[in-house]
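Coordinate inspection notes
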Amino acid sequence: MRAVSCKAGELSVIEMPAPRPAAGQLLLDVRRCGICGSDIHAKDHADELTEVMAAVGYPDFMNSSTPVVLGHEFCGTIVEKGRGVAKEFKSGATVVSFPLIRAAGGVHLTGLSPLAPGGYAEQVLAEASMTFVVPNGLDVDTAALTEPMAVALHAVRRSEISRRDTAVVIGCGPVGLAVICHLKAKGVGTIIASDFSPGRRALAARCGAHVVVDPAVESPYERFDRQKGVITAAPQLYELGVGSMEKLRKVPGWSHLYRLAESFGAAGPKRPVVFECVGVPGMIDGVLAAAPVQSRVVVVGVCMGEDRFRPTLAIGKEIDVRFVFGYTPLEFHDTLNLLAEGKVDASALVTGTVGLDGVQAAFGALGDPESHAKILIDPTSSAVEPG
């Protein structure tokens with residue numbers, strides 16, 4: 001079969017043996033496979049990622065010296081089943097799969113390990129236990145977005161954001177746009193999106209952002225800062241504490257009133273929930289410096305290199321910082337159904353499609369934020385430029 005191999009930062013179309021499903025596995029004809037930002041980073045920074053993944057106990061991540069077939073955002077059609085596969089998986093059914101596969105005596109990351117070739121190919125293997133039949137006749141382009149949209153669902157759930165909160169999304173690439181889609185579906189009252197790119201700001205508005213901001217002109221926090229009860233500087237917090245106690249101490253049983261206010265979340269300043277979706281050095285420190293007091297910051301963007309930030313900024317403002325990665329099998333399943341039922345609209349994300357011979361050009365095109373957000377690979381297509 002034909003596939004796209006990545007080695008030493010170079011992409012090339014190769015012929016390789018067609019895979020065969022082991023017990024509990026499915027062989028899929030790939031219908032679509034998304035090009036992820038992680039793939040682009042892994043192509044050029046594989047060895048940095050190898051060191052990080054080894055530190056968390058996974059030594060079989062891709063490296064620059066060993067060829068790997070990328071692709072973990074895939075949708076496919078069942079063509080062969082291994083022993084013991086459940087009857088729900090019929091030949092010809094369209095499915096999506098959580099990108100983990102049993103191989104070489106362990107469980108490996110599909111498309112990010114040489115032991116688990118991914119979806120930049122005509123065929124790919126999937127674990128039946130981690131695979132879900134695409135419902136409601138959902139089109140393959142949208143079904144292929146299940147994986148990146150699951151990343152965003154996990155981030156939104158981990159943020160514990162409510163409909164009454166204000167969300168600030170920093171960076172409107174595919175990850176930021178996916179987060180905005182889920183925030184809109186959740187009914188979050190105010191979604192502020194920030195990106196230097198006019199094209200990405202337009203996509204953010206299509207995905208559901210209520211306010212789009214060019215950070216070169218305006219801080220994304222300015223709209224939020226205008227609300228009553230927002231604190232952006234330490235002296236304001238000090239004044240809130242002293243001024244509130246001056247009033248409360250005049251009331252008999254003031255401590256009970258204070259506790260009641262705390263129980264309703266009314267004792268402290270208003271704060272936004274900030275989603276950092278850029279993933280370049282300096283972004284976390286920049287958010288800590290600019291965000292209002294007691295903000296909750298969810299780091300979704302993956303910074304490939306080392307970074308530095310000032311903990312005293314987070315401590316002085318009592319900012320809650322959460323790092324997120326991946327998703328659970330249930331979140332993957334739920335994302336597919338949210339897309340299939342039309343509860344989440346991700347139609348704005350897909351901006352182009354190429355065949356296997358166009359993958360190199362697609363990687364280049366994704367470097368221009370004005371041209372594309374998410375490019376899909378269709379292995380049956382002859383397109384060599386994303387259109």
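The rules we used
Residues numbered from 1 in each chain as written. Predicted model: local features only at pLDDT ≥ 70, side-chain atom pairs only at ≥ 80, totals over all residues. Heavy atoms only, no water. Pairing = 2+ DSSP bridges. Helix = DSSP H or I, 4+ residues; strand = E, 2+ residues; numbered from the N terminus. Buried < 20%, exposed > 50% of the residue type's maximum accessible area, 1.4 Å probe, protein only. Arc of directions from axis to C-beta. Contact = heavy atoms within 4.5 Å. Domains from an automatic or database assignment. Buried area = accessible area lost by both parts, 1.4 Å probe. Salt bridge = Lys/Arg side-chain N within 4 Å of Asp/Glu carboxyl O. Polar contact = N/O pair within 3.5 Å; in protein donor to acceptor, adjacent residues only side chain to side chain. Nonpolar A, V, L, I, M, F, W, Y, C, P; charged D, E, K, R; others polar. Patch = residues over 30% accessible without salt bridge, like charges linked within 9 Å, V, L, I, M, F, W, Y side chains within 5 Å. Areas by Shrake-Rupley, 256 points an atom, 1.4 Å probe, with all protein chains shown as cover.

Describing the sheet that holds strand E1 (residues 2-7)
One open sheet holds the three strands; their spatial order is E2-E1-E4, and the pairing between them is antiparallel. Each edge of the sheet is formed by a strand with only one pairing partner; in this case those strands are strand E2 (10-15) and strand E4 (68-69).

A short note on helix H9 (residues 283-290)
Taken as a whole, H9 has its buried residues at Ile284, Asp285, Val287 and Leu288. Looking down the long axis of H9, one finds its buried residues gathered within 160° of arc, a one-sided arrangement. Those residues of H9 that are buried are in contact with strand E14 (273-276), strand E15 (296-299), helix H10 (311-317) and strand E16 (320-323).

Notes on the domain arrangement of the chain
Parsing the chain into structural domains produces domain 1 (2-133 + 349-377) and domain 2 (149-323). Here the C-alpha centre of domain 2 lies 34 Å away from the C-alpha centre of domain 1. Taken together, the contact between domain 1 and domain 2 spans ten residues of the former and 14 residues of the latter. Interface area, domain 1 with domain 2, both sides summed: about 950 Å², of which 69% is carbon and sulfur. Seen at the junction of domain 1 and domain 2, the total is zero salt bridges. At the boundary of domain 1 with domain 2, the tally comes to two residue pairs in polar contact (both at pLDDT 80 or more). At four residues, the largest contribution of residues to the side of domain 1 that touches domain 2 is made by helix H1 (residues 37-55). Residue composition of the side of domain 1 that touches domain 2, by class: four nonpolar, three polar and three charged.

A look at a nonpolar patch on the surface
Together, Val251, Leu257, Leu260 and Phe264 make up a nonpolar patch on the protein surface, roughly 390 Å² of accessible area in all. With respect to the secondary-structure elements, Leu260 resides in helix H8 (residues 254-263).

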